[in-house]
Every structure is written in C-alpha cells, then in structure tokens.
Amino acid sequence: MAVPDPEDWPLLAKCRGMNDALFPEGKDQKRAKTICMGCPVRAQCLAEALDNRIEWGVWGGMTERERRQLLRQRPDVKSWSAVLNAAVSASKDVRVVDSTFDADASAQRRPTSSPVPSSVESRR
C-alpha cells in the first residue's frame, strides 16, 4: 500500500464533503466538533488551521475561539504541524490501559484478610 502524500490529508478526513456542516454558528459548533472525534487526520487538520491562522469553522476539533485562545497562550510555537505531528508520534508509543482490567487485577492483589474492621465492611 502506498503512503499518502502529507498534503493529501483532506482526502482521509471524516468530514470530507461536509464543508457547510463545519462552518456552523453558536451551539451547532459542538455538533460539528463531534465529527472530528476519531478522525485519522485530526492533527493535520488542526495544524493547518493554526499554522495558517484560519479564522472560521471547526478544524481538528477546535472552534475558531478555541484556536485563537491556543495561539494567544502559545505565541512561541512557530510550526503547529511539527508540534502536533510529534504528539501523534508520541501517542502511538503510549499504551492505553483498560480500566476493567485494572479493577480485576487490583481485586486479585488484595489481601484475603481485610485491614478494615468488620463493622466498616458491613456498611459497604
């Protein structure tokens, strides 16, 4: 399988062909942001908007107001593309732990005799 050109990221976006839906006003912005959740090119989309100071619409799951705030908070960032691509690469190395598994593992590690007085246990 050929590796897509980095400039072709819009072809892989979940919102491809939904242009009008991504430029809502007010409360409809929340609905538009949900389209971005789980999108394989979310970081590239957000970087495009931040690096090019795009002022309208939802890009990479952020509204124009959220992007302006981020730009004000981090004026030192010269390339959002570099920052977000590094974050995506780093996140691929992070192991997400299943909370159900953790609960089961914790229960198995608990001692059989509880240090909690029986009167306290009966209230649980």
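For the structure itself, look to the data block above.
All of the points below concern the structure found in this document. (Residues numbered from 1 in each chain as written. Predicted model: local features only at pLDDT ≥ 70, side-chain atom pairs only at ≥ 80, totals over all residues. Heavy atoms only, no water.)

Things to note about the side chain of T63
With respect to the secondary-structure elements, T63 resides in the loop between α2 (42-51) and α3 (64-73). Using a relative accessible area of 7% as the deciding quantity, one classes T63 as buried. Aside from chain neighbours lying at most four places away, what touches T63 is Q29, K33, G57 and V58. (Helix = DSSP H or I, 4+ residues; strand = E, 2+ residues; numbered from the N terminus. Buried < 20%, exposed > 50% of the residue type's maximum accessible area, 1.4 Å probe, protein only. Contact = heavy atoms within 4.5 Å.)

Notes on the packing of α2 against α3
Contact pair α2 / α3: the axes reach a minimum separation of 10 Å and the direction vectors enclose 70°. If you check the angle between α2 and α3, you find them roughly perpendicular. By crossing handedness, the relation of α2 to α3 is classed as right-handed. Across the interface between the two elements, L46, A49 and L50 from α2 touch R67, L70 and L71 from α3. Broken down by class, the residue content of the contact of α2 with α3 amounts to five nonpolar, no polar and one charged. (Axes fitted to C-alpha atoms, helices over the stretch in contact; angles between N-to-C directions. Parallel < 35°, antiparallel > 145°, perpendicular 65-115°, else oblique. Left-handed = near helix turned anticlockwise from the far one by under 90°. Nonpolar A, V, L, I, M, F, W, Y, C, P; charged D, E, K, R; others polar.)

Details of α3
Of all the residues in α3, the buried ones are E64, R67, L70 and L71. Buried residues along α3 cover an arc of 125° about the axis, so they all sit on one side. Every exposed residue of α3 that faces more than 90 degrees away from the buried side is listed here: R65, R72 and Q73. Each element contacted by the buried residues of α3 is listed here: α1 (28-36), α2 and α4 (80-92). (Arc of directions from axis to C-beta.)

Let's talk about the environment of A43
Relative to the elements of secondary structure, A43 occurs in helix α2. Residues A43 and A87, spaced 44 residues apart in sequence, show a C-alpha to C-alpha distance of 8.8 Å. When neighbours within four sequence positions are excluded, A43 is seen to be in contact with L84 and V88.

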